[in-house]
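Listed here are the chains, written in short residue letters.
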Amino acid sequence: MDLLCDLDELLIFFGLQMPDLHNEAKIRDSTILKIPLKFTESVTLSSLEPCDSTCMIAQWLGLKATPDYESGLDIDLLERLSFSAGSSQPDEAHMSIQSRSNPSDIPHMSDGQVWDQAFRNHSIHTCLMEMVLSLQQAVADHITQLATRHQQQDLVPEEQGHNQPIWGQEALLGRLMFQMVNHLQFGATGGQKFQPPCPSEDSKGDVRSREQAQVSKQIYKIFYQLTNFEDTSINYVLSNRGVETSALYHGSFQDYNTYQGNKYHEDKNTSGFINLGTSENKLCTDLLTERLSRSDMNYIDDDLLQYSDWRGQPFLREEVAQFLTYYCKAPAPLDPENVVVLNGCSSVFSALATVLCDPGEAFLVPTPTYSDFVFSAHLYAKVDLVPVDLESQVSTGSLPLLSPSRNEESRLGSFQVGNSQVVFIFQVSDANTHPFQLTVDKLEQALLNAKLEGKKVRGLVLINPQNPLGHIYSQDSLMEYLEFAKKHSLHVIIDEIYMLSVFDESITFRSVLSMESLPDPNKTHMIWGTSKDFGISGFRFGTLYTHNKEVALAMSSFGYLHGISGITQYKLHRLLQDREWIDNVYLPTNHSRLQEAHRFITNELKSSKIPFLSHGSGLYVWISLRKYLDPCTFEEELLLHCRFLDKKLILSCGKTFMCKEPGWFRLVFAATPLLLKHAMQRFYTVLVEQEQDWVVKQLEDAINQEVEDLPASDASQSYSREVILTSGLEGCCSDLGL
């Protein structure tokens, strides 16, 4: 992200406006020293003790500690102004400011008004902008040196063209900027962790509180766009890859790590986070607990306690081959020698990316797609994902898809739900007969665009059933994608981790392993695991089946690092072997409970007129909350996501799935009825507050327009605007019960 674009929001956080440099007094060249800031290896922001002095920060940023403005602004004044937003000595600062002016020249105002007036009179916003820009430049220069240090020393000339991605460095820079804001805004002491301001929950009937909540939302948005480091320091402890990997990890799993530290429990922690963002099946833990507790599971011998074949224990690979032959309806028995077992499907995908691609090469991925593919592809292999963007638009006459968003002109249709008439948008697209449809034409276009950008594409990644859409590819469509890949000599990786989670009996799933004649079997690789279909993600089991012996051999080496314990492999072997229990007990019960949970969620969504896509498979529904975004942008999507977090509810927003359209969220429903009820209560609370904020915003805009039209002298206009705005908003909000 471009951090310069966020300076305006940082200034808004201080209650200021971004200055117009054409109209304001220009920034004086003498204000900022032209000497870059020199960091040492041990410098951290937490080591800078601000105490009650902004002078130190100004000097640290290279600002002159002498008066430099015609208004008489000096560092002493700047120091006292820094307390206006949360100092330990607000009264003293207030008195000091008033002592510098003639009391007769200052009307009686509240503390907040005094500080606002002081900021206006002394152009503090210009100084603040200088400070932020100076900090950004200084840290950016240092990070650039850090990023190139090892390359200059260690890389041979032909390898220096592979530059490290810069967004991890941007995350570090952003974190440091927010730490500086924390020092200025809250007078933080050394070592205190930064806590982002959260949207205010108690703003009912208080216009000022609502304004502060809106400001907090803006800074909250920026904070969640940046990587959340527990302790950011500028040092040489981590390599370039270490810095990048840390940023990638924290950016990918920030919400999940928050959830792990404060989980909801119906008895022990009812105020904890409810996680409907992580796709886990928690509906049949009772069945799995009973089956895994039987006596046949409790077996240990010497071999299970020793190192095993890195590909996986032979007895497990044989059982996996038989299991996939049976449930994938393979035309011939599958070969155990083509099976590789690792600790999870993400490990399998990451290893595949490493053995099939060189760093900087790419896979085509239809989007929206599984969010953690980005992390898995980049962690070891440094492989890029080229999105094949799919649209929600459908052709005329298709089923309705989207609720109309505000300020959007669309062709409307409707259908009846009970006594209610539900209005939807029909959007025309010749390319789609159903929402988010993947076609060969779109694959061809994405491949062409990648080549024009200089990317070398080595493969195509498909998920079937699709995540997050739930769509199931027909066998004809699958064959078309495989033919496309053969035409361009691409590998095809097909993730079928949800193949046994198709709970709609009217839908037929066909595995790629069921196809009698693959266009290019040596470049077709299938992934499956037990995390979703059996709800035992903690077992960390994933398997690859490939017809390519060379690929299987190369993948086996990753078992050295990503193998599974022998005891766990034995339990998995016994579980997959028990077809009678799977067919007669587990699968029927699991499908029934998935249907029931799905029915509950979809009925709730229908009653709230929230559009969704669902195809009777997977553990989730893909929902559209576009009508709650104004404007409908990814920035507003992120704000809504943060608002859910504020109510201790985790959903996955569309941006993380690389969706090109803002406003989509994935909601996981494979949870107990009680948990779903509590989650939906929090869900509705957020949407109601979102609607209320929109109403208040509309009222505020209307009143602002009326105030601007009022004739008033320059001396009284500011006061009149505040009085009219405050009284008008309070009156309207009171009438609406907000």
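What you see is a predicted model; the values in this text were computed from it and never measured.

(A) Looking closely at the nonpolar core. If you look at the biggest cluster of nonpolar residues, it comprises 133 residues, and the most contacted ones within it are Leu324 and Phe534. Looking at this core, the element that brings in the most residues is helix H19 (residues 579–607), giving 8 residues. The two domains that each donate at least three residues to this core are domain 1 (240–282 + 594–702) and domain 2 (297–391 + 435–585).

(B) Expanded view of the sheet that holds strand E12 (residues 620–624). Overall, antiparallel pairing links the 4 strands, which are arranged E11-E12-E15-E14 in an open sheet. The strands lining the two open edges of the sheet, one partner per strand, are strand E11 (612–613) and strand E14 (652–653). Sheet topology note: the E14/strand E15 (residues 664–668) ladder contains 2 bridges and is antiparallel. Bridge assignment links Ser652 to a residue of E15, and that residue is Arg666. Those strands touched by H19 are E11, E12 and E15, and its axis lies near 10° from that of E12.

(C) Region of interest: the sheet that holds strand E4 (residues 384–389). Within the open sheet, the 7 strands sit side by side as E2-E10-E9-E8-E7-E3-E4. Their pairing is mixed. Both edges of this open sheet fall to strand E2 (339–342) and E4, since each of them pairs with a single strand only. Each adjacent strand pair in this sheet contributes to an overall mean axis angle of 25°, direction not counted. Pairing analysis gives 5 bridges linking strand E9 (residues 524–529) to strand E10 (residues 542–546), with the strands arranged antiparallel. Bridge pairing in E10 links Gly529 to Gly542. Set on the sheet, helix H16 (residues 549–556) makes contact with E2, E9 and E10; between it and E2 the angle comes to about 20°.

(D) Structural context of the packing of helix H11 (residues 314–327) against helix H18 (residues 566–577). Closest axis-to-axis distance for the H11/H18 pair is 9 Å, and the angle between their directions is 25°. By the criterion of interaxial angle, the relationship of H11 to H18 is roughly parallel. Crossing of H11 over H18 shows left-handed handedness. Of the residues in H18, those touching H11 at Phe315, Leu316, Glu319, Val320 and Phe323 are Gln569, Tyr570, Leu572, His573, Leu576 and Gln577. Class assignment of the residues belonging to the contact of H11 with H18 gives a composition of 7 nonpolar, 3 polar and 1 charged.

(E) Focus on the pairing of E12. Of all 5 residues in E12, 5 are buried; the element is thus mostly enclosed. Burial along E12 is two-sided: Tyr620, Trp622 and Ser624 and Val621 and Ile623, pointing in opposite directions, are all buried. Hairpin connection from E11 to E12: 6 residues lie between these consecutive antiparallel strands, with Gly616 at a positive phi of about 75°. As paired strands, E12 and E15 are joined by 5 bridges and run antiparallel to one another. Among the inter-strand pairings, Val621 is bridged to a residue of E15, identified as Leu667.

(F) How the structure looks around the pattern of salt bridges. Summed over the entire model, instances satisfying the criterion amount to 22 salt bridges. When the shortest N-O distance is used, the salt bridge between Arg311 and Asp309 registers 3.1 Å. Since its relative accessible area comes to 28%, Asp309 is described here as partly exposed. Asp701 is the salt-bridge partner of Lys697, the closest N and O atoms lying 3.5 Å from each other. With Lys697 and Asp701 both in helix H21 (residues 673–708), this residue pair falls 4 residues apart, about one helical turn. With a relative accessible area of 38%, Lys697 lands in the partly exposed category. Via salt bridges that share partners, Glu290, Arg291, Arg294, Asp296, Arg574 and Asp578 belong to a single interconnected network.

(G) Representation of the packing of aromatic side chains within the structure. Under the defined criterion, the tally for this structure stands at 28 aromatic pairs. Look at Phe323 and Phe534: their rings are 6.4 Å apart centre to centre, the planes differ by 50°, and that puts the pair in the tilted class. Taken as a pair, Phe323 in helix H11 and Phe534 in the loop between E9 and E10 lie far apart in primary sequence, 211 residues in all. Accessibility expressed as a relative area gives 0% for Phe323, which makes it buried. The structure contains a cluster of three or more aromatic residues connected by ring pairs, namely Phe323, Tyr326, Tyr327, Trp528, Phe534, Phe541, Trp581 and Tyr586. A cation over an aromatic ring shows up here: Lys648 above the ring of Phe273, its NZ or CZ 5.4 Å from the ring centre. In this structure, Lys655 packs its charged tip against the face of Phe634, placed 4.3 Å from the ring centre.

Rules used throughout
- Residues numbered from 1 in each chain as written.
- Predicted model: local features only at pLDDT ≥ 70, side-chain atom pairs only at ≥ 80, totals over all residues.
- Heavy atoms only, no water.
- Core = buried A, V, L, I, M, F, W, Y, C linked by side-chain atoms within 4.5 Å.
- Buried < 20%, exposed > 50% of the residue type's maximum accessible area, 1.4 Å probe, protein only.
- Helix = DSSP H or I, 4+ residues; strand = E, 2+ residues; numbered from the N terminus.
- Domains from an automatic or database assignment.
- Pairing = 2+ DSSP bridges.
- Contact = heavy atoms within 4.5 Å.
- Axes fitted to C-alpha atoms, helices over the stretch in contact; angles between N-to-C directions.
- Parallel < 35°, antiparallel > 145°, perpendicular 65-115°, else oblique.
- Left-handed = near helix turned anticlockwise from the far one by under 90°.
- Nonpolar A, V, L, I, M, F, W, Y, C, P; charged D, E, K, R; others polar.
- Salt bridge = Lys/Arg side-chain N within 4 Å of Asp/Glu carboxyl O.
- Phe/Tyr/Trp six-rings, centres within 6.5 Å; stacked < 30°, edge-to-face > 60°.
- Lys NZ or Arg CZ within 6 Å of the ring centre and 35° of its normal.

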